[in-house]
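Now for the letters of each chain:
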Amino acid sequence: MLETTIAAIRPPDEPAMAAARELQGRLTKPAGSLGALEELSVRLAGLAGHCPPPLPEPAAVAIFAGDHGVHAQGVTPWPQEVTAQMIGNFLAGGAVVNAFARQAGASVTVVDVGVATALPVAAPGGHAGDRPARDEPRLVAANVRAGTRDLAVTAALTRDEARAAVETGIRVAGELIDAGAGILLTGDMGIGNTTPAAALIAAFAGIDPAETTGRGTGVDDPTYARKVAVVRAALRRHAPDPADPLGVLAAVGGLEHAALAGLVLGAAARRTPVLLDGVIAVSAALAAAAFAPHAVAAMVAGHRSAEPGATVALRRLGLEPLIDLGLRLGEGTGALLALPVVTGAVRVLHEVATFDSAGVAEK
């Protein structure tokens, strides 16, 4: 599945992009007056292969959840059980992501790809596309293993486990798109998951972990220093090769990071945009880009996370975030806030009159 998905990812369509730029120049507004929205509409036309591109709706948030063996190194003060407890909160509709999803009219799918503790509700399994109602969050049981191993001691995953998680993300992307989604939004949940995210970004960007490691859930100075040291030692121990993205994910990644990389790849293969959330998502996006460089064409950076690694990763991907509000929650919250911006950029191409059609004089 992974290889066939990568093979299906194509570069953006240049004639469609040229048509979008030409149309932007004929709309009843000064050329360039919509700033970054104009280039975003051009990118989305290139992804779709025609102009105007389809409206990015309905939206589907996919929250991948997993736990991390590195939690044992004291990189966060939060107990690991919170991952499973927050899944219960997502399914009950009580988290910030649920509030923002209701506002945006987006569906929420929660995927247990590697939670270590018992879930507070029975996991029904099934498929992401089997949702009975768009406003009812759904849980998909796809647990590859009960949390990763401790990356400070050994590889977090085997290559087979990392592949299984990536292919879970590909499968979820396909199911959501088949169910009608016009845009996918990344979400994540996993206590301690900013530690593997920092390791992934440092590995793919080739820079010191001090530049990619943030305070996550707001850790104190001693915990932060320990976290940086853990990431640095793990990279020294495993020496992951950025040209081998599956190997990088196996060495220092998380199950949710690998699944999110698969979600991006699956969407790119189907020429469907993916609105990236915070540092977990962009660390996974680096892996997706290493698998298939043209997958970047499907990525839209929703926001700039307060985590320093997010800015490093976005720069590496060549993406500019749509909003910058100092967010660091995860869950998909920043992507949901950015969703109307993406929709607006495309709606302009569909609905704004040209100077000729409106009888408006040009300068």
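Residues numbered from 1 in each chain as written. Predicted model: local features only at pLDDT ≥ 70, side-chain atom pairs only at ≥ 80, totals over all residues. Heavy atoms only, no water.

Quick word on the environment of Arg-237
In step 1: With respect to the helices, strands and loops of the structure, Arg-237 is situated in helix 8 (residues 221-238).
In step 2: Separated by 14 residues in the primary sequence, Arg-237 and Ala-251 have C-alpha atoms spaced 9.5 Å apart.
In step 3: Discounting residues that sit within four places of it in the chain, Arg-237 has contacts with Ala-152 and Val-153. (Helix = DSSP H or I, 4+ residues; strand = E, 2+ residues; numbered from the N terminus. Contact = heavy atoms within 4.5 Å.)

Considerations on the side chain of Ser-41
In step 1: Relative to the helices and strands, Ser-41 is located in helix 3 (residues 36-48).
In step 2: For Ser-41, a relative accessible area of 0% gives the class buried.
In step 3: At a separation of 2.7 Å, a polar atom in the side chain of Ser-41 contacts the main-chain carbonyl oxygen of Glu-38. (Buried < 20%, exposed > 50% of the residue type's maximum accessible area, 1.4 Å probe, protein only. Polar contact = N/O pair within 3.5 Å; in protein donor to acceptor, adjacent residues only side chain to side chain.)

Considerations on unusual backbone geometry
It is generally the case that most residues other than glycine have a negative phi and that most peptide bonds are trans.
In step 1: Between Cys-51 and the following residue, Pro-52, the backbone shows a cis peptide bond with an omega angle of 0°.
In step 2: As for its position among the elements, Pro-52 is in the loop between helix 3 and strand 1 (59-66).
In step 3: Note that the residue after Glu-57, namely Pro-58, is joined by a cis bond; omega there is -5°.
In step 4: Topologically, Pro-58 is positioned in the loop between helix 3 and strand 1.

Concerning the sheet that holds strand 3 (residues 138-141)
In step 1: Strand order in the open sheet made by the six strands is 3-2-1-4-5-6, with parallel pairing throughout. If you trace the sheet from one side to the other, it starts and ends with strand 3 and strand 6 (299-301), each paired once. Along the sheet, successive strands turn relative to each other by an average axial angle of 30°, direction set aside.
In step 2: Two strands pair when backbone bridges link them, and strand 5 (residues 274-276) and strand 6 are joined in this way by three bridges, in the parallel orientation. Counterpart to Leu-276 in the pairing with strand 6 is Ala-301. (Pairing = 2+ DSSP bridges. Axes fitted to C-alpha atoms, helices over the stretch in contact; angles between N-to-C directions.)

Section: the confidence of the model for the protein chain
In step 1: When the pLDDT values of the protein chain are averaged, the result is 94; 95% of them are 70 or greater.
In step 2: Segment residues 122-126: pLDDT under 50, and ten contacts once partners within four positions in sequence are set aside and those in other chains are kept. (pLDDT = per-residue confidence, 0-100.)

Side note on the pattern of salt bridges
In step 1: Enumeration according to the criterion identifies 15 salt bridges in this entry.
In step 2: Glu-3 serves as the salt-bridge partner of Arg-163, at 2.7 Å between the closest nitrogen and oxygen. Of the two residues, Arg-163 sits in helix 6 (residues 159-178) while Glu-3 sits in helix 1 (residues 2-8), which places them 160 residues apart along the sequence.
In step 3: Residue class for Arg-163 comes out partly exposed when judged on its relative accessible area of 25%.
In step 4: A residue is classified by how much of its surface remains accessible, and Glu-3, at 45% relative accessible area, is partly exposed.
In step 5: Of the charged contacts in the structure, one is a salt bridge between Asp-221 and Arg-215, with a shortest N-O distance of 2.8 Å. (Salt bridge = Lys/Arg side-chain N within 4 Å of Asp/Glu carboxyl O.)

Points about the layout of surface pockets
Any empty space left between the atoms is revealed when a probe the size of a water molecule rolls over them.
In step 1: The space that makes up the largest pocket amounts to roughly 500 Å³.
In step 2: In terms of lining, the largest pocket is formed by 29 residues, of which the most central are Met-189, Asn-193, Thr-217, Arg-328 and Leu-329.
In step 3: Partitioning the lining of the largest pocket into residue classes produces ten nonpolar, twelve polar and seven charged. (1 Å grid on protein atoms, 1.4 Å probe; cavity = no way out; pocket = protein on both sides within 12 Å on 5 of 7 lines; lining within 4 Å. Points joined across faces, edges and corners; volume = space filled by probe spheres on them. Nonpolar A, V, L, I, M, F, W, Y, C, P; charged D, E, K, R; others polar.)

Considerations on the nonpolar core
In step 1: By size, the foremost hydrophobic cluster in this structure holds 80 residues, and its most contacted members are Phe-64, Leu-184, Val-252, Leu-265, Leu-276 and Met-299.
In step 2: In this structure, Phe-90, Ala-335, Ala-338 and Val-342 belong to the second largest nonpolar core, which totals 33 residues. (Core = buried A, V, L, I, M, F, W, Y, C linked by side-chain atoms within 4.5 Å.)

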